[in-house]
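One-letter residues, chain by chain:
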Amino acid sequence: MPLILVINPGSTSTKVAVFKDTVPLFTETLRHNTEELSKYKSIIDQFEFRTQAILNMLKEKGISLSEIDAIVGRGGLLKPIESGTYIVNEKMIEDLKKAERGEHASNLGGIIAYTLAKEHNIPAYIVDPVVVDELEDVARITGMPEIEKSSIFHALNQKAIARRLAADLHKKYEEVNLIIAHLGGGISVGAHKHGRVVDVNDALNGEGPFSPERAGGLPVLDLVKLCYSGKYTYQEMKKKLIGQGGIVAHLGTNDVREVYKKIEEGDKKAELVLEAMAYQTAKEIGAMAVVLKGHVDAVGITGGIAYNEDFVKRISERVKFIAPVYVYPGEDEMLALAQGAYRVLSGEEKAKMYS
Ligand SMILES: Nc1ncnc2c1ncn2[C@@H]1O[C@H](COP(=O)(O)OP(=O)(O)OP(=O)(O)O)[C@@H](O)[C@H]1O
Ligand SMILES: CCCC(=O)O
């Protein structure tokens with residue numbers, strides 16, 4: 001029964017778990033406050049700090065790395081790749097360090113897993129990174145030939161929830177058509193056609209609904225004008241789109257629970273902005289129903305915001321005509337990572353090679 005160490009770096013935390021097969025022994029969330037993280041210029045620079053935090057926690061738990069059989073990390077902004085479990089190799093590390101497709105906390109998942117695994121001569125894996133790309137060709141074309149649409153989304157959680165929803169329908173994932181909406185700091189809505197995400201909004205680079213921290217799709221010429229207004233640098237504009245856009249730009253908080261407090265206190269602007277986020281998310285679900293030509297077995301809603309019944313209701317009342325709506329609050333990422341590694345360790349699946 002292999003012991004699997006799971007590492008999932010997020011923007012403000014690193015989640016760490018140890019699984020025996022696919023049974024969790026423990027999961028810990030190591031929170032990193034803004035002050036700690038602001039010391040580092042880039043995400044890659046946080047490597048030592050986050051690795052040490054993981055090692056300290058394992059020591060406290062009385063777990064030695066020599067007992068671990070494999071390490072699996074959440075994968076980052078690599079080249080577009082198909083879904084699955086990948087062995088972490090030198091080429092992947094090189095690409096994660098270069099961060100040519102962007103900086104993302106999950107870039108550290110593969111790097112930390114690889115470094116610790118190498119010291120102990122055990123394998124390191126990543127599973128369903130944010131760049132999983134199963135788009136149909138027609139979905140890639142934009143109206144500007146220089147710009148091709150990318151598939152960047154919550155692939156790990158969307159795939160895990162889609163499999164769970166298919167099981168709840170007593171079907172295999174490959175037999176059903178599902179629309180999955182992940183509502184987190186970013187929002188992604190994917191059309192899962194017989195086990196492949198054939199279309200999804202690029203949740204990082206500004207497509208689809210706005211979210212607690214991201215601006216989402218915008219009227220493009222107005223955006224171009226703002227870029228050339230002389231008021232903002234490239235880095236400042238980027239922040240307005242990713243990190244400081246969406247709910248936080250309108251209301252000064254990225255926490256949807258805080259938004260609900262404002263609404264309870266009678267804040268009408270907060271109510272309108274929240275309703276707009278639900279409206280845009282529902283509209284994206286509608287678009288994915290069209291991608292699937294109306295053949296939709298179910299809509300799944302997941303992510304942190306899905307804990308809020310009122311928000312889910314605001315979406316469901318607009319989309320329930322499409323298909324039954326199932327709700328899976330939070331995320332299944334740690335289990336999905338452990339399961340991905342276990343499928344390879346048990347011989348059920350062969351690890352894919354990144355090149
Ligand atoms: N019980 C709750 N009710 C309403 N909103 C909640 C609740 N719990 C968390 N949230 C909201 O969920 C959002 C964060 O979701 P989640 O934890 O899935 O995001 P993340 O992991 O930081 O980012 P991402 O999912 O985009 O990778 C925040 O806006 C937070 O306020
Ligand atoms: C879009 C990929 C996951 C995230 O950062 O929200």
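In case you missed it, the structure is sitting above this.
Residues numbered from 1 in each chain as written. Chains lettered and ligands numbered in written order. Predicted model: local features only at pLDDT ≥ 70, side-chain atom pairs only at ≥ 80, totals over all residues. Heavy atoms only, no water.

Asker: Looking at this structure, how should I read empty space enclosed by the protein?
Answerer: The gaps of empty space that remain are located by a probe, the size of a water molecule, rolled over the atoms. This model, assessed by the stated rule, comprises 1 cavity of 30 Å³ or more. Its boundaries defined by the atoms lining it, the largest cavity holds a volume of some 60 Å³. Every residue lining the largest cavity is counted, 14 residues in all, and those nearest its centre are Ala203, Glu207, Pro209, Arg214 and Gly216. The residue inventory of the lining of the largest cavity, partitioned by class, reads 6 nonpolar, 5 polar and 3 charged. (1 Å grid on protein atoms, 1.4 Å probe; cavity = no way out; pocket = protein on both sides within 12 Å on 5 of 7 lines; lining within 4 Å. Points joined across faces, edges and corners; volume = space filled by probe spheres on them. Nonpolar A, V, L, I, M, F, W, Y, C, P; charged D, E, K, R; others polar.)

Asker: Just checking my understanding: could you explain the site of ligand 2 for this structure?
Answerer: Ligand 2 sits among Arg74, His104, Val130, Ile152, Phe153, His154, Ala203 and Arg214. One of the side-chain N or O atoms of histidine 104 is found 2.6 Å from an oxygen atom in ligand 2. Taking histidine 154, its side chain carries an N or O atom lying 2.8 Å from an oxygen atom of ligand 2. Here ligand 2, which alone exposes 230 Å², has 93% of that area covered by the protein. Residues belonging to the shell around ligand 2 are distributed by class as follows: 4 nonpolar, 2 polar and 2 charged. (Near = heavy atom within 4 Å. Polar contact = N/O pair within 3.5 Å; in protein donor to acceptor, adjacent residues only side chain to side chain. Areas by Shrake-Rupley, 256 points an atom, 1.4 Å probe, with all protein chains shown as cover.)

Asker: What's the story with the pairing of strand E1 (residues 3–9) in this structure? I'm lost.
Answerer: Within a regular beta strand, the side chains point alternately toward one face of the sheet and then the other, so they alternate between its two faces. Among the 7 residues that make up E1, 7 are buried, leaving the element largely enclosed by the rest of the structure. Burial along E1 is two-sided: the residues Leu3, Leu5, Ile7 and Pro9 and Ile4, Val6 and Asn8 are all buried. Note: E1 against strand E2 (residues 13–20), 7 bridges, orientation antiparallel. Looking at E2, one finds that proline 9 is bridged to threonine 14. Following E1, the chain reverses through 3 residues before pairing antiparallel with E2. Relative to strand E4 (residues 70–74), E1 is paired through 4 bridges, and the arrangement is parallel. Looking at E4, one finds that isoleucine 4 is bridged to alanine 70. (Buried < 20%, exposed > 50% of the residue type's maximum accessible area, 1.4 Å probe, protein only. Helix = DSSP H or I, 4+ residues; strand = E, 2+ residues; numbered from the N terminus. Pairing = 2+ DSSP bridges.)

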